Structures are given as C-alpha cells and as structure tokens.
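Structural overview
Next come the chains, spelled out residue by residue.
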Amino acid sequence: MLLKFGSRPVLVASSAEMAKQFLKIHDANFASRPLLAERLDSFEYIRVEERQTFISQLNSLAGKPFFLKDHLSRFSLCSMTRMVLSNKYFGEAILKETLRLHPLGTMLAPHCAIEDCNVVGYDVEKGTTVLVNVWTIGRDPKYWDRAEEFLPERFLEKDIDMDGHNFSFFPFGSGRRRCPGYSLGLKVIRATLANMLHGFIWILPQGMYTESISVEEHYGLTTYPKFHVHVILEPRLSSHLYSPK
Ligand code: HEM
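Rules used in this analysis
- Residues numbered from 1 in each chain as written.
- Predicted model: local features only at pLDDT ≥ 70, side-chain atom pairs only at ≥ 80, totals over all residues.
- Helix = DSSP H or I, 4+ residues; strand = E, 2+ residues; numbered from the N terminus.
- Buried ≥ 20, exposed ≤ 12 C-beta atoms within 10 Å, placed from the backbone.
- Contact = placed C-beta atoms within 7 Å.
- Pairing = 2+ DSSP bridges.
- Axes fitted to C-alpha atoms, helices over the stretch in contact; angles between N-to-C directions.
- Core = buried A, V, L, I, M, F, W, Y, C linked by C-beta atoms within 7 Å.
- pLDDT = per-residue confidence, 0-100.
- UniProt positions renumbered as here; feature names shortened; annotations may be inferred.
- Expected span 1.5 Å × (residues − 1).
- Arc of directions from axis to C-beta.

1. A closer look at the overall build of the protein chain
Along the protein chain, the regular secondary structure elements total eight helices and 10 strands. Counting every position in the protein chain, which comprises 245 residues, the buried fraction comes to 20%. Long-range pairs, those at least 24 residues apart, make up 73% of the contacts in the protein chain between residues at least 6 apart in sequence.

Right, here's the structure in full:
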C-alpha cells in the first residue's frame, strides 16, 4: 500500500511475501532509516545489580498493591533459574507466542529506500519509507492456524525461529537493520521472567479470573497494555534470597 506522509512516499508491507521483498531480496536498498538510531552497549555488572534491586523491591512490596510497570523498568540479568531450566522449551514457546501476538513494535522501525528500485513490478523511488506491519503478519490466518488464539504449543510442534529468516514471524526485524539488541533483549526477558516466576507465586485477586484479563494494547511506535492487571505476590523462597547485596 502506498501512502503519502506530507510529501514523503510511504509503503506499508502487510504480508510475509512483501516483507521478504523489502527485508531480504531488496534489503540492501532499504537498509537506511529516516532517523538514525545509536548503538547501545551492555555491561554485565549493571545487569546483576539491576536484578538484585528488582527482586528486593518486589519483596518489600509483597502483600501491597503496586504498579509492576514502575518496577519493570529496572531490569535484571542472572543465570537461569531451576524453574525455567526445567520448562526451558515451553518457556521459550510462551515467549515466542507472546511476541507473535504482541510484538514490541506494531510496525518495524521505518526503512528508507537508498536508490530508486523495482519491487515485484512496481517502481519505488529513492527516499520512500517502508513500514512492515509485523503485527498483522503475526495474526494472518494464511500463516497461522487459529491465529488469534494464544497457543504456545504451536512453537513446540514446528521449529520456528525469530532470528529474521522466517517472514511470517520476525519480532526483531530482519536483514541489515535487524535489531542489534536481539540477543541481549531475549536474555533480559528470559532472566527477568524466570526470576519473577521463581521468586514469587502470582495470584489474581479474589473474584478475578484469567479470562477477565484484557490483553488489548495501545498502538504506537511500541505497543503496551491498555489496562492494568492486578496481581498479588507471595514470596516462595527464604527471605535472605531477596535482599540486595
Ligand atoms: C525484546 C526486546 C526487543 C525487541 C522485540 C526489539 C525489536 C526491534 C525491532 C523490531 C527493531 C527494528 C528492526 C527493523 O527495522 O528491521 C529494532 C531495532 C533496534 N533495536 Fe531492538 N528490540 C529489543 C531489544 C533491544 C535491545 C536490548 C537493544 C539494545 C541494547 C536494542 C537496540 C536496537 C537498535 C539500536 C535498533 C536500531 C537498529 C538499526 O537501525 O540499525 N533493541 N529492535
């Protein structure tokens, strides 16, 4: 679909076939961005400090209502916990299914044509912005059975990776501009989730059921939940394991 944002031409790719055209076949030509992003670095000692602070903060708040999102901003990284190790494969399938239905970016960050080129018979002029609709592709029944349902098992049955080689599932993008934080991002999610599940029993308040949790999202450059989910935390380990070093 060709749009005009003011005088700028913008193409939207909403199928796996067109995503492949822009991110693989013509990747070199669409490897520019309208805006530049800076490369980020990571330091292990910071991640370890963050994890200890995060868990300790949750422990001090156990039994009281609080906004988890305020504390999630302090991320953590540490070795895999017992629970996730024993459920490694299912944990991974849950992570993938979550990113399929709720990719962090509805559209990939905009790509920009470096030169004029021809994509499946259409002339695309230099400077055209391309938006790849990863959200729509992740829910397209052409590629996914029962596309709107949360079924992590689908990733156990089929070996589908999210490294950008499968054009029906690429939450980190693909090609030259694929997310450079791919590996770190996955480690942070796995370790944070692992620590949260290992450290606490998560209970819904009385009268609330999993079916009543809304998974509606706000759409923007990144997606985030529209409504808060209230949960009660019960520590499951000895108290000394929650104190910051
Ligand atoms: C779950 C976590 C993350 C997800 C789902 C994610 C997703 C994405 C996506 C979809 C893009 C656009 C790719 C494209 O246009 O083809 C992107 C770009 C980028 N990401 Fe991530 N990201 C994550 C974590 C991170 C982390 C941890 C870092 C840094 C430490 C990072 C740094 C970047 C940068 C710098 C770009 C721009 C790359 C470029 O323009 O060449 N991301 N990310």
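2. Details of the sheet that holds strand β2 (residues 8–13)
Pairing is mixed in the open sheet, where four strands are placed in the order β1-β2-β6-β3. Two strands lie at the open edges of the sheet, namely β1 (2–5) and β3 (111–112), each paired on one side alone. Inspection of the sheet shows β1 paired to β2 by four bridges, in the antiparallel sense. Residue pairing for β2: L2 is matched across the bridge by L11. Helix α1 (residues 16–25) contacts β2, β3 and β6 (129–132) of the sheet and is inclined by roughly 130° relative to β6.

3. Observations concerning α1
Within α1, the full set of buried residues consists of M18, A19, K20, Q21, F22 and L23. Residues of α1 that are buried in the fold lie against β2, β3, β4 (117–119), β6 and α6 (134–138).

4. What about the nonpolar core?
The biggest cluster of nonpolar side chains holds 22 residues, and the ones touching the most others in it are A13, A19, F22, V130, V132, V134 and F170. Listing elements by their share of this core, those giving two or more residues are β2, α1, β6 and α6. The dominant element in this core, judged by the number of residues it contributes, is α1, at four residues. Aside from chain neighbours lying at most four places away, what touches V132 is A13, A19, F22, L23, M107 and L108.

5. Thoughts on the confidence of the model for the protein chain
Put simply, the protein chain has an average pLDDT of 83, and 84% of its residues get 70 or more. Low pLDDT (under 50) marks residues 36–42, which in the prediction has four contacts with non-local residues, meaning those over four places away or in another chain. Contacts from residues 76–86, a stretch scored under 50 in pLDDT, to residues over four places away or in other chains number 29 contacts.

6. Describing the UniProt feature "binding site: heme" (unreviewed entry) in the protein chain
Here the UniProt-annotated "binding site: heme" (unreviewed entry) positions come out as C179. If you trace the backbone, C179 turns up in the loop between α7 (154–157) and α8 (182–199). Given 19 C-beta atoms within 10 Å, C179 falls into the partly exposed group. Residues within four places of C179 in sequence aside, it is in contact with F172, G173 and G185.

7. Quick word on α8
Relative to the 26 Å expected for 18 residues at 1.5 Å per residue, α8 spans 26 Å between its end C-alpha atoms, a close match to the ideal helical length. For α8, the set of buried residues is A191, T192, A194, N195 and G199. One face of α8 carries all of its buried residues, which in axial projection span an arc of 165°.

8. Details of the environment of E217
Tracing the backbone shows E217 in strand β8 (residues 217–218). The class of E217 is partly exposed, set by 17 C-beta atoms lying within 10 Å. Residues E217 and F227, spaced 10 residues apart in sequence, show a C-alpha to C-alpha distance of 8.0 Å. Excluding residues within four positions of it along the chain, E217 makes contact with H102, T223, Y224, P225 and K226.

9. A look at the environment of V120
Relative to the helices and strands, V120 is located in the loop between β4 and β5 (122–124). For the pair V120 and M18, spaced 102 residues apart in sequence, the C-alpha separation works out to 8.8 Å.

10. Quick notes on the environment of K20
The residue K20 is located in helix α1 in this model. When the C-alpha atoms of K20 and F167 are compared, they prove to be 6.0 Å apart, with 147 residues separating the residues in sequence.

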